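# Structural overview for review
The primary structure of each chain is shown beneath.
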Amino acid sequence: MALDAATLELTARELKTVLADAKIAKLFEPTRDELVITLRTRTDTYALLLSARSGSARVCLTEETFENPETPPSFCMLMRKHLTGGKLLDVHMEPGDRIVYFDFQCTNEMGDLVRNTLCAELMGRYSNLVLVQNGKIIDALKRVDFEDSDIRQLLPGLTYTTPPKPARPDFLQVSSASIVAAACQRDLPVADALNKTVAGVGPVVCREAAWRAFDGEHLLANELTEEQKRSLMAAIDELKELHDKGGCPCSANAKLAIAPKARCSAFPDSQRPVTLAPPCEATQRLTGANAAVLRLAPTVSTVPDVARRRLRRGTADAACTTPPLRGWGECDNAGCRFSSGRSAW
């Protein structure tokens, strides 16, 4: 599934907690679209991956090792100049948008303390990494000039502005009654109507809300009865409450706990794991999201070969002995690229 703003907000929260007061030790650019920052806290060392790839843009902690080029690219050298030795002050989100800000306290050439912000814009083919100081752009991984866009340019010296936001309301900011009222004006299935009505969440969350409300029954939004509308509002409020509590990160491993009557919203003929116990400590450390979708099946024997290969080479969940938390039915891989952990709320 796509990495939506709501899921990214949970990722930013976790990164802020794990990387509190960390300092930048090393910085690499293994590929033209990826940046790896080594951060050290008082007790641990972490590798933060920031990817601006069009098909797999994400921010996450990783244990994967990268082969770095012999000659660092110019953007990498610039990042080292402005960020090396910097202390992480804050990790926060642009409300309702897929932009994560990493604020660092750094020292400039004159020895003065400055605040540099690394903006990770994770928006599909428009993904980018931008370094900003005092509201001015120092540089961007992918420069955008006036020929590329007449709305928003990303060039050194220009004022940093955020991309235009959609006219749709934010799923987490408006009431469930307003969402349902607007969605019921569309002659579409409930999940599709929700997806076209609100911003900040992807189609998987919309399908989950419809499934929780109607238990898999396919209904048109403009034909819902008052009782069905109340059920949909209750399902939306339940998802919002789950998000406010920090979500439910869960893992997909060889020891899935399956409830006989729990059915998957993405695959009505399959079953979904349910909450039996908290995830293991290693699973809780995995954050972020990957664009590769791991679809859960009723038993491990029916998990696709690609998924089984990912599980065998997982970094943390390979030794996990704790049943996973309840999931969405389909989700992204979390943590490093080869981890079987996943981020869902």
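Here is a short report on the structure shown in this document. In this text, all values refer to a predicted model and were calculated from it rather than measured experimentally. (Residues numbered from 1 in each chain as written. Predicted model: local features only at pLDDT ≥ 70, side-chain atom pairs only at ≥ 80, totals over all residues. Heavy atoms only, no water.)

### So, the side chain of serine 149
Filter applied, for reference: In this text, helices come from DSSP runs of H or I with a minimum length of four residues, and strands from runs of E with a minimum of two, each type numbered from the N-terminal end. The buried label goes to any residue with under 20% of its type's maximum accessible area, the exposed label to any with over 50%, and the partly exposed label to all in between, with areas taken from a 1.4 Å probe on protein chains only. Each polar contact in these results corresponds to two N or O atoms within 3.5 Å; when the atoms are within protein, one needs to be able to donate a hydrogen and the other to accept it, and residues that are neighboring in sequence are counted only if both atoms are side-chain atoms.
Tracing the backbone through its elements, the reader meets serine 149 in the loop between β9 (136–140) and α3 (176–183). The class of serine 149 is buried, set by a relative accessible area of 18%. Polar contacts involving the side chain of serine 149 include one to the main-chain amide nitrogen of isoleucine 151, which spans 3.2 Å. In terms of polar contacts, serine 149 uses its side chain to reach the backbone amide nitrogen of arginine 152, at 3.2 Å.

### Some thoughts on unusual backbone geometry
Of note, asparagine 134 is a non-glycine position whose phi angle comes to about 55°, a positive value. If you trace the backbone, asparagine 134 turns up in the loop between β8 (128–133) and β9. A positive phi angle, near 55°, is found at aspartate 215, a position not held by glycine. Mapped onto the secondary structure, aspartate 215 falls in the loop between α5 (203–214) and α6 (226–244).

### Thoughts on the pattern of salt bridges
Put simply, the rule is: A carboxyl oxygen of Asp or Glu within 4 Å of a side-chain nitrogen of Lys or Arg is what we treat as a salt bridge.
Within this structure, the stated rule accounts for 14 salt bridges. Where aspartate 90 meets lysine 16, a salt bridge forms, and the shortest distance between an N and an O atom there is 3.2 Å. Note that aspartate 90 is positioned in strand β5 (residues 87–93) and lysine 16 in helix α1 (residues 5–18), a separation of 74 residues in sequence. Using a relative accessible area of 43% as the deciding quantity, one classes lysine 16 as partly exposed. Salt bridges sharing common partners tie together Glu34, Arg53 and Arg58.

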